[in-house]
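Structural description and commentary
Chain by chain, the residues:
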Amino acid sequence: MDTQEEVIVYARPDSLTKTNTHYCPGCTHGVAHHLIAEVIDEMGLRERTIGVASVGCSVFAYNYMNFDFVQAPHGRAPAMATGVKRVFPDKVVLTYQGDGDLASIGMAEIVHAAARGENISVFFLNNANYGMTGGQMAPTTLPGQKTTSSPSGRDVETQGYPIRASELLATLDGASYVVRRSLHDPKNIRLAKKAIRTAFEVQLRGLGFSMVELLSTCPTNWEMTPQNSLKWLEEHMIPYYPLGDYKVNPAVAEIKG
Amino acid sequence: MPPKGRIIVSDLYCKGCELCVGACPQAVIALNPDRITAKGYHPASLFKDGCTGCGICAIVCPDAAITVYREDLRARRAIPVGA
Ligand SMILES: Cc1ncc(C[n+]2csc(CCOP(=O)(O)OP(=O)(O)O)c2C)c(N)n1
Ligand code: SF4
Ligand code: SF4
Ligand code: SF4
Ligand SMILES: [Mg+2]
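The rules behind these values
Residues numbered from 1 in each chain as written. Chains lettered and ligands numbered in written order. Predicted model: local features only at pLDDT ≥ 70, side-chain atom pairs only at ≥ 80, totals over all residues. Heavy atoms only, no water. Helix = DSSP H or I, 4+ residues; strand = E, 2+ residues; numbered from the N terminus. Buried < 20%, exposed > 50% of the residue type's maximum accessible area, 1.4 Å probe, protein only. Lys, Arg positive; Asp, Glu negative; His and termini not counted. Salt bridge = Lys/Arg side-chain N within 4 Å of Asp/Glu carboxyl O. Donors = N, O, S within 2.8 Å, 3.2 Å for Na, K, Ca; no water. Near = heavy atom within 4 Å. Contact = heavy atoms within 4.5 Å. Buried area = accessible area lost by both parts, 1.4 Å probe. Polar contact = N/O pair within 3.5 Å; in protein donor to acceptor, adjacent residues only side chain to side chain.

A closer look at the side chain of Asp 99 of chain A
Inspection of the secondary structure assignment puts Asp 99 of chain A in helix α4 (residues 99-105). No salt bridge is formed by the buried Asp 99 of chain A; its nearest oppositely charged neighbour, Arg 154 of chain A, is found at 8.5 Å.

Some thoughts on the coordination of the magnesium ion (ligand 5)
Residues and elements named next belong to chain A. Looking at the magnesium ion (ligand 5), one finds its protein donor set to be Asp 99 (OD), Asn 127 (OD1) and Asn 129 (O), positioned 2.0 to 2.2 Å from the metal centre. Coordination of the magnesium ion (ligand 5) draws on donor residues from a single chain, spaced D-x27-N-x1-N in sequence. In this pair, Asp 99 is assigned in helix α4 and Asn 129 in the loop between β5 (121-126) and α6 (156-159), connecting sequence segments 30 residues apart. For the pair Asp 99 and Asn 129, one class covers both residues: buried.

What about the site of ligand 2?
Around ligand 2 lies a shell formed by Tyr 23, Cys 24, Cys 27, His 29, Cys 57, Asn 127, Gly 131, Cys 218, Pro 219, Thr 220 and Asn 221 of chain A. At 3 residues, helix α9 (residues 219-222) of chain A tops the list of elements feeding residues into the shell around ligand 2.

Let's talk about the interface of chain B and chain A
A common way to state how big an interface is: give the accessible area lost once the parts meet. Contact with chain B, which involves 31 residues of that partner, is made by 31 residues of chain A. Approximately 2500 Å² of surface area, both sides summed, lies buried where chain B meets chain A, with 62% of it carried by carbon and sulfur atoms. Its salt-bridge partner being Glu 6 of chain A, residue Arg 6 of chain B comes within 2.6 Å of it at the nearest N-O pair. Inspection of the region where chain B meets chain A yields 14 residue pairs in polar contact (both at pLDDT 80 or more). Only β1 (5-9), α1 (19-23), α2 (56-60) and β4 (66-71) of chain B provide two or more residues apiece to the side of chain B that touches chain A. Element by element, the count of residues in the side of chain B that touches chain A is highest for β4 of chain B, at 6 residues.

Structure follows, in structure tokens:
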């Protein structure tokens, strides 16, 4: 085909570095990375963005996203992002956190950052386990789900019920935009990208705390092929973690996607 | 006739996860058993005609390994660019 008669439909975004990642094959952490990078490219924000990486499989996000980054101790990304944003109010500040990071060790930091209405954008990757450390039970692990630390399946009588972080944070007045999306198929990935864009729009307008929860796979610890992991996410995670908009401040609703 | 497209998969990034294989509506992608990347994966590639350049494989690829090209339909209809 004559190249002059071709258009490029998709190319790797500039906001990703030219590095191959350490993520396992088929892990949808990578999908979240490229969506965030695409939105930052499209909005022209690369020179003004500062990311805060967390602890978990995404600990090396600073090597993969091609803009400034700092690294927070486990669970403390929202606290560090608070400081960064208050010192540099003109920067766009994001955190990228797993479910163990955000909903277990970091529960205090995320709740208070949302309650204070910190003008930051949080990307919350929920894969229902502690991926990095070998697939232990997380606060988000489903009832009955087998993990390396709940080998007979999570028993809610002794191990409690999973935490729905989006629903919980949406109750706080400081939270402006809190939604849950999923990365399991092309349509939902497109919707996730739109939500990521809206989260940045919220921050640029100074409307306060925004969070996009992204349901994500962990093929390695779930002991499934990448393809079967997508199906498992759809069939098991979405019923417990319904997709939807949990908090949309009236001022946010006016933003056109 | 649907538009013609093609994809180029980067050996640097592809991990042979097959998510693009499962998502392609035209079923024209497969892992190439005859090639192996520096990391030891069989990379994805087009194995037959029929790619429409829809971009779905690139949306699902966790490693942003795929560049997607599509025939410029303005050229097909002989409409000058910018018209
Ligand atoms: C203070 C502290 N406690 C515990 C750990 C061990 N640790 C590393 S990653 C992790 C959990 C990560 O799980 P999650 O946030 O869900 O990220 P994922 O790997 O699943 O993406 C834990 C407990 C640590 N690094 N630091
Ligand atoms: S352990 Fe799980 S979350 Fe971590 S990179 Fe592998 S598949 Fe992804
Ligand atoms: S989705 Fe990406 S990484 Fe996976 S096989 Fe296809 S091109 Fe390779
Ligand atoms: S662009 Fe569309 S048709 Fe072509 S390989 Fe990718 S998914 Fe298949
Ligand atoms: Mg996790």
